[in-house]
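# Understanding the architecture of this molecule
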Amino acid sequence: MSPSTTSATEPAGGPPRRLQASSKRYGEKAIQWLLGFCGILSVVTTTAIVISLLGPTIGFFEIVPADEFFFGIDWTPQFEPPSFGVLAIVAGTLNVTLWAMLFAIPIGLGAAIYLSEYASPRVRKTLKPALEVLAGIPTVAIGFFAVSFILPEIIVPLWPGEFLGGATGKPFMALAAGLGIGLMIVPIIASISEDAMSAVPRGLHEGAYALGATRAKVALRVIFPAALSGIVASIVLGISRAVGETMIVVLAAGSTPQFTFNPVESIQAMTSYIATTATGDISTGSVDYKSVFAVGTVLFVMTLVMNVIAIRLVRRYREVYE
Amino acid sequence: MAGGDPGVARNRLATAGARATTQAMLRDQPRGDVIRNAVFAGLLLLAVLIALAGLAALLIQAFLKGSSALSLDLITNPPSTAFPEKAGYRPAIIGSLQLIAGVILFVVPVGIGAALYLEEYADNTRWWNRLIEVNIQNLAAVPSIIYGILGLAFIVRGPLDLGFILAAGSLTLALLVLPMVIIAAREAVRAVPDSIRQGSLALGATKWQTIRTQVLPASIPGIATGVILAVSRALGETAPLLLVGATVFVTFDPTPFGTDGYSAMPVQIFNYALRPQEEFQALAAAGIIVMLVVLLAMNSFAIWLRNRYEQRW
């Protein structure tokens, strides 16, 4: 290089200033650690959940044989001798979840398609907040609604006579809780599915319309398949919410553990067993106390598997279109 | 002179012909398709209407059942089994307010801290940072009753051993809604464009100075919205409180660390709802009205806040 170029690049104000910080900035490091600790707290929470579930669950299986728990269909902890067949209350949960999803999937998906493909921007602007209101209603209010309105005013009058044992005169039933939970889940399915449908590129719509397709065809044959992973995710997440829902089943489904899928029977769900057994006065070492944690573990594993599936699916459609 | 030029006339003729053909084709969609389209639209509208009817029925039913019990007694009187006509929600309301205060005290610093760490500091290629992220998404979907079990085994008893006090319930609710706050705060922080950060750093500010003076102020409306929504969730949550000692017949005003028990609004509603007598059913419905009014006000405020201060860069 020629000497003239060197002199041209030399800074005017003497020797070059260092770009490093003039002090060690311990404060900055401390803050980073503090914020990192806040982030780690969520991992601590998960670990604490797993530990608090596992300890008593292991204790439970020292008293109750695992095959009785996992394959038994009689849940009678208060009998002598007690029987802990978890399938009875798993069936209770699935009984309620089934009716909830039969209600929520068509209504939620219908609302999602309507909002993303049919509704004018003005209609959308009023309908979406209304669904958000529904999502914000406390479950204890929905449970009260299920047991004091859905059951006596809707199910009993509409139920076909003595079908499956008849509905009249029953204070609790799985179907009432199912419809209540279904109502709670509609906004979840609607909003996640609608997000997925809105993420489908405009070009796909327009291409289909240009080929002469009707709106119904565009929605069902173009948008629906393209948004399928998000739609499935919304349904899986809805099932997970239904399985984990407590107050609606406690109020409307009763507390009669039995292995049945009859919608007009009173049943007990896993969550309602936990909520009604583990109230303040239960003694720590008892089998009942430990059984709460064993049921909690089953519930946690079931919902965790569904949540992981749903999160994966949501991520997939995001990756494809963004 | 318009029509005189044969070229223009020919163009017009061609355009009109093309338009007529296109319209004829569009109108001549197969009859079945047109009918199916109309039926489908009708079904979709029906789905929306059923959901809205459910919401409307819930609100109307609560109002019809509860209006007879709506009075000032509802807020000022303690619960009572002997005199349902005089019973109210006073200790439950005070308990809920204290629970919520505790939730806010915990969730705001920790939630914002975690969000800032994940958005500003964390290196996404490191496995532990990805673990934190996935973990938060999973935690947000864990059933609330499981948090009740956590509260019972870890906060009330076990390692923290706080006993059945209001503060334990508050901490349980805080852990329950923390993932919601983190997710909302992250979105708010992510929405601040990088040019703002780079500008600040170029002027010589340190990383924390940049976050404190530029990033945080710009993301406060989004964070506040998330916090309000999380708090309204915590306010309506019942199941975990049943496990961590929110007992029902508390006739005195609860305190955060008092060992005599505490109550909360939704727990009290739940208890009234379990009683078959007409008076208690009315009390439950009236409590639901009070809670829905508060929650609706909070949610509308959150939505207003989001729209009002939403910054467009």
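The preceding data block contains the structure.
Rules used in this analysis
- Sequence order as written defines the numbering, with residues in each chain counted from 1.
- All chains are assigned letters beginning at A, and all ligands numbers beginning at 1, according to the order in which they are written.
- At least 70 in pLDDT is required for a residue's local features to be given in this predicted model, at least 80 for side-chain atom pairs to be given and counted, and no such filter applies to totals for whole chains, interfaces and linings, which use all residues.
- Hydrogens and waters are ignored; side-chain quantities use all the structure's heavy atoms.
- Starting at the N terminus, helices and strands are each numbered in turn, a helix being any DSSP run of H or I of at least four residues and a strand any DSSP run of E of at least two.
- We compute the radius of gyration from the C-alpha atoms alone; for a globule the expected value is 2.2 Å times N to the 0.38, where N is the number of residues.
- Note on classification: 1.4 Å probe, protein chains only; a residue is buried when its accessible area is under 20% of the maximum for its type, exposed when over 50%, partly exposed between these limits.
- Contacts are residue-level and defined by heavy atoms, with any inter-residue pair within 4.5 Å sufficient.
- All accessible areas in this document rest on Shrake-Rupley with a 1.4 Å probe, and a residue is counted as covered only by the protein chains that are shown.
- Within this scheme, the nonpolar core is defined by two criteria: the residues are buried Ala, Val, Leu, Ile, Met, Phe, Trp, Tyr or Cys, and they are joined through side-chain atoms within 4.5 Å.
- Put simply, two rings from Phe, Tyr or Trp (the six-membered ring, in Trp's case) pair if the centres are within 6.5 Å, and we call them stacked under 30 degrees between planes, edge-to-face over 60, tilted for the rest.
- To sit over a ring, a charge needs its Lys NZ or Arg CZ within 6 Å of the ring centre and within 35 degrees of the ring normal.

## Examining the overall build of chain B
When its secondary structure is counted, chain B shows 12 helices and 0 strands. In chain B, the succession of helices and strands from N to C terminus is α-α-α-α-α-α-α-α-α-α-α-α. At 29 Å, chain B has a C-alpha radius of gyration far larger than the 20 Å of a compact globule built from 313 residues. Split into buried and exposed, the 313 residues of chain B put 48% on the buried side. Taking as baseline every contact in chain B between residues at least 6 positions apart, the subset at least 24 positions apart corresponds to 70%. With the model as given, the accessible surface of chain B reaches about 15,000 Å², and the carbon-plus-sulfur share is 65%.

## Observations regarding unusual backbone geometry
Positioned with a positive phi, Leu 164 of chain A is a non-glycine residue whose angle comes to about 60 degrees. Mapped onto the secondary structure, Leu 164 of chain A falls in the loop between helix 6 (139-158) and helix 7 (174-198). Residue classification places Leu 164 of chain A among the partly exposed residues on the basis of a relative accessible area of 40%. Look at Asp 161 of chain B: it is not a glycine, yet its phi comes out positive at around 50 degrees. Relative to the assigned elements, Asp 161 of chain B resides in the loop between helix 6 (144-156) and helix 7 (166-190).

## With respect to the nonpolar core
The nonpolar side chains of a soluble globular protein tend to be buried with one another. Trp 75, Ile 155 and Ile 181 of chain A together with Leu 241 of chain B are the most contacted members of the largest nonpolar core, which totals 199 residues. What Leu 241 of chain B contacts, discounting residues up to four positions off in sequence, is Leu 99, Gly 169, Leu 173, Ala 246, Tyr 262, Ala 264 and Val 267 of chain B.

## A word on the packing of aromatic side chains
Enumeration over the complete set of coordinates arrives at 19 aromatic pairs over all chains. An angle of 90 degrees between the planes, with centres 5.4 Å apart, marks the rings of Phe 60 of chain A and Phe 84 of chain A as edge-to-face. Placement of the pair is Phe 60 of chain A in helix 2 (residues 26-63) and Phe 84 of chain A in strand 2 (residues 83-84), with a sequence separation of 24 residues. Taking the relative accessible area as the measure of exposure, Phe 84 of chain A reaches 2% and is therefore buried. Here a set of aromatic residues connected by ring pairs shows up, and it is made of Phe 60, Phe 61, Phe 69, Phe 70, Trp 75, Phe 84 and Tyr 273 of chain A. A cation sits over an aromatic face here: Arg 275 of chain B above Phe 280 of chain B, 5.3 Å from the ring centre.

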